[in-house]
Amino acid sequence: MDATDARLAAQYEAYPYPERDPRDEAKRLIVGSPSHLREVDHWIFGARRPASQPLRVLMAGGGSGDGTMMLAQQMATAGRPGEVTWLDRSTAARAVAEARAKQRGLTNIRFVSGSLLDLPGLGLGEFDYIDCCGVLHHLPDPAAGLAALAGSLAPGGGLGLMVYAPHGRTGVYMLQDALRLLAPDSEAPPARVDIAKRLWKQLPETAWLRRNPWITDHLDGGDAGLYDLLLNPRDVSFSVPQLATLIENAGLRLRCFVEPLRYEPERYLPDPKLRARIATLGATERAALAESLAGNMGIHIAYVTRDAAPLPDWDNPAAVPVLRELDGPTLAKGLPADGVLRVTFDGIRLGVPLPRLASAILSRIDGRRSIAGIGAELARNGVTEAAFARDFTALRQALEPLNRLLLAAPA
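Residues numbered from 1 in each chain as written. Predicted model: local features only at pLDDT ≥ 70, side-chain atom pairs only at ≥ 80, totals over all residues. Heavy atoms only, no water.

With that settled, the discussion passes to the overall build of the protein chain. Helix and strand counts for the protein chain come out as 17 helices and eleven strands. Relative to the globule expectation of 22 Å for 411 residues, the C-alpha radius of gyration of the protein chain, 22 Å, shows essentially globular dimensions. Its C-alpha atoms give the protein chain principal-axis dimensions of about 75 × 50 × 40 Å. Residues counted as buried form 52% of the 411 residues belonging to the protein chain. Considering only contacts within the protein chain whose residues lie at least 6 apart along the sequence, 80% involve residues at least 24 apart. When the accessible surface of the protein chain is totalled, it reaches about 18300 Å², and 53% of it is carbon and sulfur. Computed over 46 positive and 47 negative side-chain charges, the inter-centroid distance for the protein chain is 5 Å. (Helix = DSSP H or I, 4+ residues; strand = E, 2+ residues; numbered from the N terminus. Rg over C-alpha atoms; globule rule 2.2 N^0.38 Å. Buried < 20%, exposed > 50% of the residue type's maximum accessible area, 1.4 Å probe, protein only. Contact = heavy atoms within 4.5 Å. Areas by Shrake-Rupley, 256 points an atom, 1.4 Å probe, with all protein chains shown as cover. Lys, Arg positive; Asp, Glu negative; His and termini not counted. Charge placed at Lys NZ, Arg CZ, Asp CG, Glu CD.)

Our focus in this paragraph is the pairing of strand 9 (residues 340-345). Covered by surrounding structure in strand 9 are Leu341, Val343 and Phe345 only, the residues Val340, Arg342 and Thr344 on the alternate face being uncovered. When strand 9 meets strand 10 (residues 348-353), the two strands line up antiparallel, connected through six bridges. In the strand pairing of strand 10, Val343 is matched with Leu350. (Pairing = 2+ DSSP bridges.)

Our next topic: helix 7 (residues 172-182). Among all positions of helix 7, only Val172, Leu175, Gln176 and Leu179 are buried. Summarising the axial view, the buried residues of helix 7 lie within an arc of 105 degrees, below the 170-degree limit, and thus occupy one face. In this fold, the buried residues of helix 7 make contact with helix 8 (189-202) and helix 10 (222-230). (Arc of directions from axis to C-beta.)

With that out of the way, let us pick up the state of the cysteines. Counting across every chain of the model gives zero disulfides. The cysteine Cys132 is free of any disulfide, with Cys133 supplying the nearest cysteine sulfur at 8.1 Å. Judged by relative accessible area, which is 0%, Cys132 ranks as buried. Overall, the relative accessible area of 30% leaves Cys133 in the partly exposed class. (Disulfide = S-S within 2.5 Å.)

Alignment of strand 2 (residues 82-88) against strand 3 (residues 109-113), held across five bridges, turns out to be parallel. For Trp86, the partnering residue across the bridge sits in strand 3 and is Phe111. In this fold, the crossover linking strand 2 to strand 3 by way of helix 4 (residues 91-104) has right-handed handedness. (Right-handed = clockwise from strand over helix to strand, strands pointing away.)

Scanning the entire structure with this criterion turns up five aromatic pairs. Summarising the aromatic geometry, the rings of Trp86 and Phe111 are spaced 5.6 Å apart at their centres and angled 50 degrees between planes, so their arrangement reads as tilted. Here Phe111 lies in strand 3 and Trp86 lies in strand 2, a separation of 25 residues in the sequence. Accessibility assignment for this pair places Trp86 and Phe111 in one class, buried. Between Phe257 and Tyr263 the ring centres are 4.4 Å apart and the planes differ by 15 degrees, which places this aromatic pair in the stacked class. (Phe/Tyr/Trp six-rings, centres within 6.5 Å; stacked < 30°, edge-to-face > 60°.)

A few words now on unusual backbone geometry. A cis amide bond, omega 0 degrees, links Ser33 with the succeeding residue Pro34. For the peptide bond that leads from Val258 to Glu259, omega is -10 degrees, which places it in the cis range. Mapped onto the secondary structure, Glu259 falls in the loop between strand 6 (253-258) and helix 12 (272-278). Its identity is not glycine, yet Ser35 carries a phi of approximately 85 degrees, on the positive side. With respect to the helices and strands, the residue Ser35 is situated in the loop between helix 1 (3-14) and helix 2 (37-44). Of note, Asp346 is a non-glycine position whose phi angle comes to about 50 degrees, a positive value. As for its placement among the helices and strands, Asp346 is situated in the loop between strand 9 and strand 10.

Note: strands within a sheet are paired through backbone hydrogen bonds, in either parallel or antiparallel orientation. Pairing is mixed across the open sheet formed by seven strands, whose spatial order is 3-2-1-4-5-7-6. On the outer flanks of this sheet lie strand 3 and strand 6, each paired with one strand and no other. Recorded for the sheet is a direction-independent mean angle of 20 degrees between the axes of neighbouring strands. Bridging between strand 5 (residues 153-164) and strand 7 (residues 299-305) involves seven bridges; their strand directions are antiparallel. In the strand pairing of strand 7, Tyr164 is matched with Ile299. Against the sheet, helix 3 (residues 66-78) touches strand 1 (55-60), strand 2, strand 3 and strand 4 (127-133), its axis set at about 175 degrees to strand 2. (Axes fitted to C-alpha atoms, helices over the stretch in contact; angles between N-to-C directions.)

Turning next to the packing of helix 3 against helix 4. Relative to each other, helix 3 and helix 4 sit at 25 degrees, their axes nearing to 10 Å. In this view, helix 3 runs roughly parallel relative to helix 4, as classed from their interaxial angle. Regarding helix 3 and helix 4, the two cross each other, and that crossing is right-handed. Judged by residue contacts, Asp66, Met69 and Gln73 of helix 3 engage Ala97, Arg100, Ala101 and Arg104 from helix 4. (Parallel < 35°, antiparallel > 145°, perpendicular 65-115°, else oblique. Left-handed = near helix turned anticlockwise from the far one by under 90°.)

Once that is clear, we can look at the pattern of salt bridges. Going through the model one piece at a time under the given rule, you end up with 30 salt bridges. As a salt-bridge pair, Glu264 and Arg267 come within 2.7 Å of each other at their nearest N and O atoms. On the basis of relative accessible area, Arg267 is assigned to the partly exposed category, the value being 28%. Between Glu400 and Arg396 there is a salt bridge; the shortest N-O distance is 3.5 Å. Given the relative accessible area of 11%, Glu400 is considered buried. Beyond isolated ion pairs, a larger network of salt bridges with shared partners links Arg20, Asp24, Glu25, Lys27, Arg28, Asp66, Arg100 and Arg104. (Salt bridge = Lys/Arg side-chain N within 4 Å of Asp/Glu carboxyl O.)

That's the geometry; what it means functionally is another story.
What follows is the structure, encoded as structure tokens:
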């Protein structure tokens, strides 16, 4: 451990991240990406891995436990067999995560203290799915970290990654530079937090972080959020091409960014001449262009696999469509009359056209009905097979890129 690593370790002992009160588990489950169970089933396993097959999960750098609680609770609620292994070197974060698991009564979590860089020697075996959320960008060698994770993947397995992105974090690194002068890392963490708070209160309105509404950890993340954002001793960001290179060099394959629609540059540019040029770009170049155009991506979330992952089989009539954190009938009732679903991504409003049968289809998506079953019900109401097939495909093309309409794991 070098001096920077020692300071990083001290930070997370003083301020376990993210700041959480275990008592809040009685009131809510924090849900997000990566590692939502429905996303893992869909994006990593192509909705082909049976739900009855035990799932071995590693939370590499589990922190205070957001991802661990989410996935372990989802597995327990669904009756899915398997185990989630929490791995982190922070004893303070482990205490918080263990208290949260106890509050929930979760028994499918194993807690292991250590660094993901030590995985080859920990004897934990292989994992079907590995979460590494907000960790690689703090490592001395992100490539070595990702290589260690890739070496712990079981055949057919995959990872969910989250790393910082440069454009959406405009202003962050400027303030980090300022605080290195005003609050050097030789001082104790509480003293540095005090100086950072004082600086924020008196920061000129021209400071870029003042004008960046997408970064809020210093405002609503408590002292842990402020320290992690502005005082972290090691913080690097990855553009789309840089992340793609990191993934490729680890022998991994990029499955998708989340949400995929945000990385489709033609969504931002209706001009046909511009779209014609976009059409000549490769997948990474298209995603890089979207990142540069939008300017508001503060993180990148990606699902990656070691092997060529099978794509979800939307043509399988027995497949069961599911909505991620949405209720089908409620969504169906709230669709706009003009058939255009309006979504907002960090200030960018986009219109997503929906097909005529969108409401009828969505009202029947309940996680139990198959695609064929939904079609059969609509057929009894006079909808032709061709019309259903056409509109179901259009609905999937509209909502899957939003990470909302997915396929469930087969029973």
